[in-house]
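Notes for the structure review
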Amino acid sequence: MIFKTIFDPPIIIARILPMPKRRRIAYLNRLDYLQLRFFAFLLDIIGIGYVYWAWNYVASRVSPLRALELNLPFWAALLLIAEVAALWGCLGRTFGAAVMDLKLTDANGNNRPTLSQRLVRFLGWNLALLPATLGHLWALGDRAWLTWADRLSGTVVIAREKLGAEAKRKPAPLYGSSVGIALLALLLLSYVVGTLITQVRPQLLITDAYLVRPLIADLLNPDVLAREPHSLRVTMEFRIPCPETVPAAPVASDKPIVILSKTCGNFGDELTMEVFNLRPNTEVRFNWLDPSGVTQPLIRRPTDANGHLAYTLVAANVANSGPGLYGVDARQEWEEGELRLSETFRQVEDKMLETIFLALRATTLGVIFSVPVSFLAAKNLTARNPLGSLVYYAVRLLLNIMRAIEPLIWAIIFVVWVGIGPFAGVLALTLHTIAALGKLYSEAIESIDPGPIEAVTATGADRLQTIIFSVVPQVIPPWISFTIYRWDINVRMSTIIGFVGGGGIGFLLIQWINLLQYRQAATAMWAIAIVVAIMDYVSAIVRERVV
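Residues numbered from 1 in each chain as written. Predicted model: local features only at pLDDT ≥ 70, side-chain atom pairs only at ≥ 80, totals over all residues. Heavy atoms only, no water.

Considerations on the sheet that holds strand 6 (residues 283-289)
In a beta sheet, neighbouring strands are held together by backbone hydrogen bonds and run either parallel or antiparallel to one another. Across the sheet, four strands lie side by side as 3-9-6-7; this open sheet has antiparallel pairing. Here the strands that pair on one side only, and so sit at the sheet edges, are strand 3 (225-240) and strand 7 (295-302). Each adjacent strand pair in this sheet contributes to an overall mean axis angle of 20 degrees, direction not counted. Note that strand 6 and strand 9 (residues 324-341) share five bridges and pair antiparallel. Directly across from leucine 289, in strand 9, lies its bridge partner glycine 327. (Pairing = 2+ DSSP bridges. Helix = DSSP H or I, 4+ residues; strand = E, 2+ residues; numbered from the N terminus. Axes fitted to C-alpha atoms, helices over the stretch in contact; angles between N-to-C directions.)

Encoded structure:
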């Protein structure tokens, strides 16, 4: 008798998820109900499995928690996760039950189960695992759609109806339910894991601030104006070990020269380098020259008013490639004369023009191909018969695939295909523009007013005339707005694809960054910022007046 009502399928059928009346009957069957329960449990497994992985990740990287790391075999971990999910489902409402709108009640479907019923249900859930989960699969053939756990505990999982008084009932606060507490714990654990993975260390913003000061100084002082560059280099050889005939030391004269205290010796010897007649009060860079071709920087110091500088080093502290002909050199670089536009500025100017026209060409080609594609991707115009539906879904799939691949990836493909240069960048941006504008154009077509189409069709117009006179006039304004916006995006994107050889200013920018030439890189970055700001202002004016 205690299971009389629980064996009655109408009790469960009456509580299946509420649906619109025209579709409600489709959900009144066994498989739909069991599917809800299965996916609810699967969501719980995924959530608890994520918590298990996240906890182990945190414990393995935080020293005080390493003793609490759960190093279980895969099968044991999976069993533990399933047990926790089952216990959670018996003692409270789980995340999966909340998503699927399921509720655990007594046999009548009205009251909450008692604690003893919940514990018996958990016991029944475990007993159902023993004969190859037969107790859980029992619901597939049970006339009341119940598992062993349902039968043993006198409880039932129902899909709640949101009708009447229940719909007006104020929901429980997030912190007052097991679902809310689990979500908050999951969110907190996710942020801890994210902090460890991303290696967030805010203290470095203060302790290592000195490292970025030279970079910021170069960014604020771009290489735009320069004077005529000059350079001076003097060298002297030093042989290790000394030959039978020791080379004579050079004599100072009125010409720039570097003189060593000895012309040969061994590693460990102390050497004094002196330069004479160099440019006064100008920095000198001393370098050690290795026989293998390696140049090792030594010091950077300015000369005195007479162009003289002396420096002492120990040969043991420099590159050692064994016996051979070593040497030292002293270099000076300076600028003098009137200010003029630097060579960097001229290179940036050329590449910036290339960037602008690269984006213009890509946008133009993208618009030309996007217009016909957008009509095929518009559901209200194409999907009117089986063949049209096939075309619609095929075009939509193609656009989604093309849009999913970033322009940077397309640029790499075309650089391999057609070589390094702006042509590869044009092709990459064109493909992505077709995919993006094709989607935006088609959505504009799908949102048009059907009234003008019906009016033009009533006059006896054919298919092409209907599109020209009723569809095109409605989509022109949004199309113009989308095109201008895409042109703006392409200018920004064309600076990035140059990183992989797709032409434009990015090609120079990545070279200067790799060479640590931040003043030159700053010139390119300022040029990009100025051009983008100007184009954004111009495009805003065009949209305001045209759209």
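Details of the sheet that holds strand 5 (residues 270-276)
Strand order in the open sheet formed by three strands is 4-5-8, with antiparallel pairing between adjacent strands. Two strands close off the open sheet at either side, each with one partner strand: strand 4 (257-260) and strand 8 (309-314). Taken over all neighbouring pairs, the strand axes of this sheet differ in orientation by 20 degrees on average, direction set aside. The pairing of strand 4 with strand 5 spans four bridges and is antiparallel. Residue pairing across strands places valine 258 opposite valine 275, the latter belonging to strand 5.

Regarding the layout of surface pockets
If a probe the size of a water molecule is rolled over the atoms, the empty space left behind becomes visible. Of the volumes computed, that of the second largest pocket is approximately 340 Å³. Along its surface, the second largest pocket is lined by 17 residues, and Gly47, Ile48, Val51, Trp88 and Leu186 are the ones closest to its centre. Here the lining of the second largest pocket gets six residues from one element, more than from any other, and that element is helix 3 (residues 30-61). Across the lining of the second largest pocket, the residue classes tally to 15 nonpolar, one polar and one charged. (1 Å grid on protein atoms, 1.4 Å probe; cavity = no way out; pocket = protein on both sides within 12 Å on 5 of 7 lines; lining within 4 Å. Points joined across faces, edges and corners; volume = space filled by probe spheres on them. Nonpolar A, V, L, I, M, F, W, Y, C, P; charged D, E, K, R; others polar.)

Observations concerning a nonpolar patch on the surface
Together, Val212, Ile216, Leu220, Trp526, Ile530, Ile534, Tyr537, Val538 and Val542 make up a nonpolar patch on the protein surface, roughly 870 Å² of accessible area in all. Here the nonpolar patch takes six residues from helix 21 (residues 518-546), the largest share from any one element. Locating isoleucine 530 in the fold gives a position in helix 21. Taking relative accessible area as the criterion, isoleucine 530 reaches 48% and is therefore assigned partly exposed. (Patch = residues over 30% accessible without salt bridge, like charges linked within 9 Å, V, L, I, M, F, W, Y side chains within 5 Å. Areas by Shrake-Rupley, 256 points an atom, 1.4 Å probe, with all protein chains shown as cover. Salt bridge = Lys/Arg side-chain N within 4 Å of Asp/Glu carboxyl O. Buried < 20%, exposed > 50% of the residue type's maximum accessible area, 1.4 Å probe, protein only.)

Some remarks on unusual backbone geometry
Proline 241 follows isoleucine 240 through a cis peptide bond whose omega is -10 degrees. For proline 241, the position within the fold is in the loop between strand 3 and strand 4. With a phi angle near 60 degrees, leucine 516 is a residue other than glycine that sits in the positive phi range. Tracing the backbone through its elements, the reader meets leucine 516 in the loop between helix 20 (505-514) and helix 21.

Examining the nonpolar core
Met273, Val275, Phe286, Trp288 and Leu313 are the most contacted members of the largest nonpolar core, which has 21 residues in total. Looking at this core, the elements with two or more residues in it are strand 3, strand 4, strand 5, strand 6, strand 8 and strand 9. It is strand 3 that provides the largest number of residues to this core, a total of four residues. With residues up to four places along the chain from it excluded, the contact list for valine 275 reads Ile257, Val258, Phe286, Gly307, His308, Leu309 and Ala330. (Core = buried A, V, L, I, M, F, W, Y, C linked by side-chain atoms within 4.5 Å. Contact = heavy atoms within 4.5 Å.)

Here we look at the side chain of glutamine 332
Topologically, glutamine 332 is positioned in strand 9. Among the residues examined, glutamine 332 registers a relative accessible area of 0% and is labelled buried. At 3.0 Å, the side chain of glutamine 332 forms a polar contact with the backbone nitrogen of arginine 279. Not counting residues up to four positions away in its chain, the partners in contact with glutamine 332 are His230, Ser231, Leu232, Leu278, Arg279, Thr282, Glu283, Val284 and Thr303. (Polar contact = N/O pair within 3.5 Å; in protein donor to acceptor, adjacent residues only side chain to side chain.)

Re the side chain of asparagine 287
With respect to the helices and strands, asparagine 287 occurs in strand 6. What makes asparagine 287 buried here is its relative accessible area of 8%. Asparagine 287 has contacts with Thr295, Gln296, Pro297, Leu298, Gly327, Val328, Asp329 and Arg331, leaving out every residue within four places of it along the chain.

Here we look at the state of the cysteines
Taken as a whole and judged by the stated rule, the model has one disulfide. Note on cysteine connectivity: cysteine 242 is disulfide-linked to cysteine 264, with sulfurs 2.0 Å apart. Here the disulfide of cysteine 242 and cysteine 264 is right-handed, its torsion about the S-S bond being about 100 degrees. Of this pair, cysteine 242 sits in the loop between strand 3 and strand 4 while cysteine 264 sits in the loop between strand 4 and strand 5; the two residues are 22 residues apart in sequence, bridging distant segments of the chain. (Disulfide = S-S within 2.5 Å.)

Observations concerning the confidence of the model for the protein chain
The predicted model of the protein chain averages 83 in pLDDT, with 90% of residues at 70 or higher. Low confidence marks residues 161-168, where pLDDT is under 50. Its contacts with residues over four positions away, or in another chain, come to 10 contacts. (pLDDT = per-residue confidence, 0-100.)

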